[in-house]
Amino acid sequence: MAEEESQLEEFEQIDFLRDRHVRFFQRSLQVLPERYSSLETTRLTIVFFALSGLDVLDALDVIDKNNMIEWIYSLQVLPTEDQSNLSRCGFRGSSHIGLPYSSKGPGISHPYDSGHIAMTYTGLASLLILGDDLGRVDKRACLVGLKALQLDDGSFYAVPEGSENDMRFIYCAACICYMLDDWSGMDTQKAIEYIRGSMSYDNGIGQGAGLESHGGSTFCAIASLRLMGRLEETMSQRELDRMRRWCIMRQQNGFHGRPNKPVDTCYSFWVGATLELLDVFQYTNYEKNKNYILSTQDRLVGGFAKWPDSHPDPLHAYFGLCGLSLLGEPSLRKVHPALNVTQRAFQHLQQLQQTWREKAGSCT
Amino acid sequence: MSGLEDISSELVGFKDEKDLDGELDGHPEVDYAGDPFRYVFYRDRKEWADLEPVPQDDGPNPVVKIAYSEKFTDVYDYFRALLKNDERSDRAFALTAEAIELNAANYTVWHYRRVLLQALEKDLREEMNYITAIIEEQPKNYQVWHHRRMVVEWLNDPSEELEFIADILSQDAKNYHAWQHRQWVIQEYKQWDDELEFVETLLEEDVRNNSAWNQRHFVISHTTGYSSPAILDREVQYCLTQIRKAPHNESAWNYLKGILQDRGLSSHPGLLDQVLELKETHCSPYLLAFLVDSYEDALENSNQRETLSKALEICQLLAQEKDTIRQEYWLFVGRSLESKYGSSASGEPLADGPEPASAPASGQQEMS
């Protein structure tokens, strides 16, 4: 239930408005005004923020899971009859290409239809959150599509047509392989080399070699290593200690993403989760972090913004909640700090993977 | 910094529309009979009559549906039609500009535009002008920077880049996309010569610009390197000078530590004394952390009780007074040092490498 902190400052109310956040995410899932047009190609990520956010709030009962599952499956780029588009398979961010709605195969041939690595990641995660068994996911096609995106330096493009490449997409790749329980979708050794190559002189991790260390890319790198099960063997104790120091210095009250930059609610998750993965989140100042996150809460509309008195959006609403969850907010579900879904969704995944392994075992 | 932070607090400008129906002769945008700039939908333009618009189809239960205006829908219905046929024409090229204006984050439009740029052998110099203007308007969009990089690569001409990026940085000196593009240009086309000077200019404007400090490391590590004692000393002195001017600056301390830590912080002669001196007049949590790390480095080489107690004293100072937000952390650091180097620890210093996890600490209390 909502916390009442009556002994705190009169002017700044910092009680947690659970119900408002539920409604905020519900509204995000419905209709957005045209000023959100830049989100068209990434609508599936908004769905993920809303679903995972509702999951953290233990409020998934407010949505129609089956309808949502159908819509997500309609975004899957399936192999065509002749399988000529295998290396372009995965999930789309939305229907913006204009293919007729279809939640099952075979795939329709289109010169410009291909998956996007972040949509494949959030699509799979969203299905899991909704309790789906991934039975209609063409796993092999997803993994071929993923492999096709990896570059020689170990990083990934977002789409087969080409795009920028950086640590974000390594994280997406690691999540995809982890969820599908199949690392054939990526060359982990190369990815690890890219990660090591992105370590900065100041002991944080940048988006790529030479680039400024950043809370987002540091999370992507460490979480990826954790998902690969290679964190302790990739970094020495000294390197891990130095990284712990870099991360913990990001706390100002809330957290920022780079030295001498302003704090931003979402870094309470990016940096907080990294600190949790490094076993030192317990040494941060919970009070100041919590107070900052709550100061960015929109009391009218729900959700969270990056800064106080700013407009909330689904990303900051989601990561604000995750930040509070890391702090042990009682009404919130725990979040898996590497996979970025609730522990509940994570356990569903584990059960699913158990089933897959048993099936595979019984076939031999 | 995810794609969504592009939109987070900033509202995308809502564009004014002149919604008018009707067919017109000649130029679609001009109505000689009245208002000279009436907008005409593509569906009403004669030259587009051969093309069947393709709507978006979200099925019976759309999720996160965006409510587009008529104009927006019209442009994109025709974009989808062109895409489906993979049409390679000037009218297609012109339409991509409109689609981009409506949504510059649509990577499919940008890709299609690049296909057309090549298929129609368009003037890439003009394209550079075009992308320059777009980036100036939307400097935190991933697609526009990627597009610029592609055009620069095709032209094999980076000559405008450093000046252009400098202009973007003059508006936001920490724009990550700008710095990323800058590093690509410099490394790809070996434009190292003037970069240190550029970095110093930025640091003069804002000595706390962490991106500029990062760039300093980028330039030096790829040119002279830090091996020569002359360079290393120059850099150490540069740091100390900047620290004297602005003591509370994590970036300067991170840089100082970064260039020395692999050689050993306690190895640079006289530095420890200089820092101890600075402690009296230019103290900061970063200075004190540097001291802790220096003492730890010294302990690794030679475990002396006096060094350990100095390190522990600074940890206490940080925890109780100088960096209280990280109180639990500094207490943890103190305990770790004690455990590793203290009288209860084994005689041999532990080798670097995986070690048993430190004992669970008092750590954080659960939130009440």
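Nothing here was measured: the structure is a model prediction, and the numbers come from that model. (Residues numbered from 1 in each chain as written. Chains lettered and ligands numbered in written order. Predicted model: local features only at pLDDT ≥ 70, side-chain atom pairs only at ≥ 80, totals over all residues. Heavy atoms only, no water.)

## Remarks on the overall build of chain B
When helices and strands are counted, chain B shows 15 helices and one strand. In chain B, which comprises 368 residues, the share counted as buried stands at 52%. Long-range pairs, those at least 24 residues apart, make up 59% of the contacts in chain B with a sequence separation of at least 6. (Helix = DSSP H or I, 4+ residues; strand = E, 2+ residues; numbered from the N terminus. Buried < 20%, exposed > 50% of the residue type's maximum accessible area, 1.4 Å probe, protein only. Contact = heavy atoms within 4.5 Å.)

## Considering the pattern of salt bridges
Summed over all chains, the structure comprises 41 salt bridges over all chains. Between E321(B) and K322(B) there is a salt bridge whose closest N-O contact spans 3.8 Å. Owing to a relative accessible area of 35%, K322(B) belongs among the partly exposed residues under this scheme. Overlapping salt bridges bring together D55(A), D58(A), R333(A) and R344(A) as one network. (Salt bridge = Lys/Arg side-chain N within 4 Å of Asp/Glu carboxyl O.)

## Comments concerning the interface of chain A and chain B
Facing the 90 residues of chain A at the interface are 87 residues of chain B. Carbon and sulfur atoms make up 53% of the area that chain A and chain B hide from each other, which totals about 8,200 Å². The three residues of chain A that bury the most area against chain B are Y112(A), Y201(A) and Y283(A), which together make up 12% of that side's buried surface. Taken together, chain A and chain B are joined by five salt bridges. (Buried area = accessible area lost by both parts, 1.4 Å probe.)

## Some words on the nonpolar core
Of all hydrophobic cores here, the largest spans 220 residues; its most connected members are L29(A), L51(A), F91(A) and I117(A). Per element, the largest residue contribution to this core is twelve residues, and it comes from helix α6 (residues 167-180) of chain A. (Core = buried A, V, L, I, M, F, W, Y, C linked by side-chain atoms within 4.5 Å.)

## Things to note about the packing of aromatic side chains
Scanning the model with the defined rule gives 38 aromatic pairs over all chains in all. Taking NZ or CZ as reference, R168(A) lies 3.9 Å from the ring centre of Y142(B), over its face. One cation-aromatic arrangement involves R216(B) over Y238(B); the distance from NZ or CZ to the ring centre is 3.7 Å. (Phe/Tyr/Trp six-rings, centres within 6.5 Å; stacked < 30°, edge-to-face > 60°. Lys NZ or Arg CZ within 6 Å of the ring centre and 35° of its normal.)

## Observations regarding the environment of L300(A)
Residue and element names in this part refer to chain A. Looking at the secondary structure, you find L300 in the loop between α12 (286-295) and α13 (314-326). The exposure class assigned to L300 is exposed, which follows from its relative accessible area of 69%. On a C-alpha basis, the gap between L300 and L44 in space is 26 Å, while along the polypeptide they are 256 residues apart.

## Comments concerning the confidence of the model for chain B
Detailed reading of the predicted coordinates is not advisable wherever pLDDT is low. Residues and elements named next belong to chain B. Averaged over chain B, the pLDDT score is 89; the fraction of residues at 70 or greater is 84%. Here residues 1-27 scores under 50 on pLDDT; set against residues more than four positions off or in separate chains, the count is 63 contacts. Long-range and interchain partners of residues 352-362, a stretch whose pLDDT sits below 50, account for 13 contacts in this model, where long-range means more than four residues apart. As scored by the predictor, the complex reaches a pTM of 0.92 and an ipTM of 0.96. (pLDDT = per-residue confidence, 0-100.)

## With respect to empty space enclosed by the protein
All names here are of chain A. Taken as a whole and assessed by the stated rule, the structure comprises three cavities of 30 Å³ or more. Counted as a void, the second largest cavity has a volume near 80 Å³. Considering the residues around the second largest cavity, the lining is formed by 15 residues, among which C89, T120, G145, L146 and L149 are closest to the centre. Contributions of two or more residues to the lining of the second largest cavity are made by α4 (117-129) and α5 (139-147). Broken down by element, the residue count for the lining of the second largest cavity peaks at three residues, all from α5. Its residues placed into classes, the lining of the second largest cavity shows eight nonpolar, six polar and one charged. (1 Å grid on protein atoms, 1.4 Å probe; cavity = no way out; pocket = protein on both sides within 12 Å on 5 of 7 lines; lining within 4 Å. Points joined across faces, edges and corners; volume = space filled by probe spheres on them. Nonpolar A, V, L, I, M, F, W, Y, C, P; charged D, E, K, R; others polar.)

## Describing α4(A)
Over its 13 residues, α4(A) runs 18 Å from end to end, which matches the ideal 18 Å to within 8%, given 1.5 Å per residue. Burial analysis of α4(A) places 13 of its 13 residues in the buried class, the great majority of the element. (Expected span 1.5 Å × (residues − 1).)

## Let's talk about the packing of helix α11 (residues 267-277) of chain A against α13(A)
All names here are of chain A. Contact geometry of α11 with α13 gives a least axis separation of 8 Å together with a crossing angle of 35 degrees. Two packed elements cross with a definite hand, and for α11 against α13 that hand is left-handed. Contact with α11, carried on its side by S268, F269, W270, G272, A273 and E276, involves F319, C322, G323 and L326 of α13 and no other residues of that element. Along the lines of polarity and charge, the residues of the contact of α11 with α13 split into six nonpolar, three polar and one charged. (Axes fitted to C-alpha atoms, helices over the stretch in contact; angles between N-to-C directions. Left-handed = near helix turned anticlockwise from the far one by under 90°.)

## A look at the side chain of N103(B)
By secondary structure assignment, the location of N103(B) is in the loop between α2 (90-102) and α3 (107-119). What makes N103(B) buried here is its relative accessible area of 3%. Within the local environment of N103(B), its side chain forms a polar contact with the backbone oxygen of S37(A), the two atoms lying 3.1 Å apart. Within polar-contact distance, the side chain of N103(B) engages the backbone nitrogen of A105(B) at 2.9 Å. (Polar contact = N/O pair within 3.5 Å; in protein donor to acceptor, adjacent residues only side chain to side chain.)

## Digging into the side chain of S28(A)
Topologically, S28(A) is positioned in helix α1 (residues 18-28). Excluding residues that lie within four positions of it along the chain, S28(A) makes contacts with P314(A) and V64(B).

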